[in-house]
Amino acid sequence: RVESEKGVGSRFIFDIVFDWGEELSSEYESAIPSSLRALLVDDDTDFLQYLKGILESYDVTVDAVSNGEAAVRKAKKRADYDLVFVDWQLSGINGCKTSEKLKKLLPRETKYIMVSAFDKTDIESGSKNFKADLFLQKPVLPRALYNGILNILSHGKKREEQDDASNDFRGRTILVAEDIEINREIVSSIFEETGAVLILAENGEEAVARFSENPEIIDLVLMDMQMPVMDGLTATRTIRALNVPKAKKVPILAMTANAFKEDMELCLSAGMNGHIAKPIEVDVLFEAVAKYIKKQK
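Remember, it's a predicted structure, so these values are computed and weren't measured experimentally.

1. A short note on the overall build of the chain
Of the regular secondary structure elements, the chain holds 11 helices and 12 strands. The 297 residues of the chain split such that 44% are buried. Considering only residue pairs separated by 6 or more positions, the chain has 66% of its internal contacts joining residues 24 or more positions apart. For the chain, the exposed surface amounts to about 16500 Å²; the carbon and sulfur share of it is 50%.

2. Some remarks on the nonpolar core
Counting residues in each nonpolar core, the largest one holds 47 residues, and the members touching the most others are Leu55, Phe85, Leu136, Leu145, Ile174, Phe191 and Leu222. Beyond its immediate sequence surroundings of up to four residues, Phe85 is in contact with Ala38, Leu39, Leu40, Val41, Leu51, Leu55, Ile113, Val115, Leu136, Leu145 and Ile149.

3. Let's talk about the packing of aromatic side chains
Counting across every chain of the model gives five aromatic pairs. Between Phe47 and Tyr50, the aromatic rings sit 6.0 Å apart at their centres with planes inclined by 40°, giving tilted as the arrangement. Within this pair, Phe47 and its partner Tyr50 are both found in helix 1 (residues 45–57), separated by three residues, close to a single helical turn. A residue is classified by how much of its surface remains accessible, and Phe47, at 10% relative accessible area, is buried. Looking at Tyr50, the relative accessible area reads 36%, which means it is partly exposed. Joined through ring pairs, the aromatic side chains of Phe169, Phe191 and Phe286 make up one cluster. Taking the ring centre of Phe47 as reference, the NZ or CZ of Lys138 above it sits at 4.4 Å.

4. Some points on the packing of helix 8 (residues 232–240) against helix 10 (residues 261–270)
Remark: helix 8 packs on helix 10, axes separated minimally by 9 Å, with the N-to-C direction vectors making an angle of 20°. As far as their axial angle goes, helix 10 and helix 8 are roughly parallel. Here helix 8 runs over helix 10; the crossing is right-handed. The residues of helix 10 that touch helix 8, namely those facing Leu233, Thr236, Arg237 and Arg240, are Leu266, Cys267 and Ala270. Its residues assigned to classes, the contact of helix 8 with helix 10 shows four nonpolar, one polar and two charged.

5. Quick look at the side chain of Asn203
Among the secondary structure elements, Asn203 is positioned in the loop between strand 9 (197–201) and helix 7 (204–213). Given a relative accessible area of 13%, Asn203 falls into the buried group. At 3.1 Å, the side chain of Asn203 and the backbone nitrogen of Glu205 are in polar contact. Engagement of the side chain of Asn203 in a polar contact is seen with the backbone nitrogen of Glu206, the distance being 2.8 Å. In contact with Asn203, not counting residues within four places along its chain, are Met227, Pro228, Val229 and Met230.

6. A word on helix 1
Taking 1.5 Å as the rise per residue, helix 1 with 13 residues should run 18 Å; its terminal C-alpha atoms sit 18 Å apart, in good agreement. Listed as buried for helix 1 are Phe47, Leu48, Leu51, Ile54 and Leu55. Buried residues in helix 1, looked at end-on, bunch into an arc of 135°, giving them a common side. Set apart from the buried face of helix 1 by more than 90 degrees, the exposed residues are Thr45, Asp46 and Gln49.

7. Here's the deal with the sheet that holds strand 6 (residues 111–116)
Across the sheet, which stays open at both edges, the five strands sit in the order 4-3-5-6-7 with parallel pairing between neighbours. Since the sheet does not close on itself, it has two edges, and those belong to strand 4 (61–65) and strand 7 (134–137), each with one partner. Mean inter-strand twist for the sheet, computed between neighbouring axes without regard to direction, equals 20°. Bridge count for strand 6 against strand 7 is four bridges, and the pairing is parallel.

8. Regarding the sheet that holds strand 11 (residues 252–256)
Read across the sheet, five strands follow the order 9-8-10-11-12 without closing on themselves; strand pairing throughout is parallel. Two strands lie at the open edges of the sheet, namely strand 9 and strand 12 (274–277), each paired on one side alone. In this sheet, adjacent strand axes meet at a mean angle of 20° when their direction is disregarded. Its contacts with the sheet place helix 11 (residues 282–294) against strand 8 (173–177), strand 10 (220–223), strand 11 and strand 12, and it is angled at close to 145° to strand 10.

Rules behind the numbers
Residues numbered from 1 in each chain as written. Predicted model: local features only at pLDDT ≥ 70, side-chain atom pairs only at ≥ 80, totals over all residues. Heavy atoms only, no water. Helix = DSSP H or I, 4+ residues; strand = E, 2+ residues; numbered from the N terminus. Buried < 20%, exposed > 50% of the residue type's maximum accessible area, 1.4 Å probe, protein only. Contact = heavy atoms within 4.5 Å. Areas by Shrake-Rupley, 256 points an atom, 1.4 Å probe, with all protein chains shown as cover. Core = buried A, V, L, I, M, F, W, Y, C linked by side-chain atoms within 4.5 Å. Phe/Tyr/Trp six-rings, centres within 6.5 Å; stacked < 30°, edge-to-face > 60°. Lys NZ or Arg CZ within 6 Å of the ring centre and 35° of its normal. Axes fitted to C-alpha atoms, helices over the stretch in contact; angles between N-to-C directions. Parallel < 35°, antiparallel > 145°, perpendicular 65-115°, else oblique. Left-handed = near helix turned anticlockwise from the far one by under 90°. Nonpolar A, V, L, I, M, F, W, Y, C, P; charged D, E, K, R; others polar. Polar contact = N/O pair within 3.5 Å; in protein donor to acceptor, adjacent residues only side chain to side chain. Expected span 1.5 Å × (residues − 1). Arc of directions from axis to C-beta. Pairing = 2+ DSSP bridges.

As structure tokens, this is what we get:
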């Protein structure tokens, strides 16, 4: 039925009957080790329960507290947390100071995830003495949380593998075109220890502009397909059409959730060299980047 009031709006109401579906496989969640223990610190009780529920669905053991003082007390009782999620703007001791206190009590391997409704640049300006392993902007979506955890855990393993020269991209510059901030954060985190310099663009038009400013320094482009202002396919065609030698040969890799065969064909026809599916697998990403960057040596 429809309920409508002039000048106010309309409501369209309907009922649909569904059969129960088959139970989903737990294969996706199982990539996060069930042995993980997390400490959550947030004075928003609704968000605290929301985050706790998601993490527990991944079999992570969770302790949740509403302020920094309680977090410090928890850490003093048991210093075995693998992950610490801290809201930046806590009442009492703020998130950065809380994290600094926890770092003195918890193992060096503990990963710190700063969570906030504020933009990362605002946080960085007020937290010069503390650097988080990951920043998540509220509202935190389950997929972003899942990918973030996997990436910082994989990142830690990469850090231990000092002899792995395949992930050494020192002296290389990578242009990343991605409109979703959390995805830019994840990519930046992945490449942090590789030595690569990243230039970030929020849409295709900005990516073309960044490339045009100094094309010779760009060694590779990671290009999302679906972006506002200018999509990745159009941006790729625009770069390829530029009247500079580097525009014709710079490797451009699609980085997108569109993973069907026709999507890959669209990428190739637009002038891209390859395709990396989201959610990003770190090893797959590094392998692809290494393949195209080393071709240029």
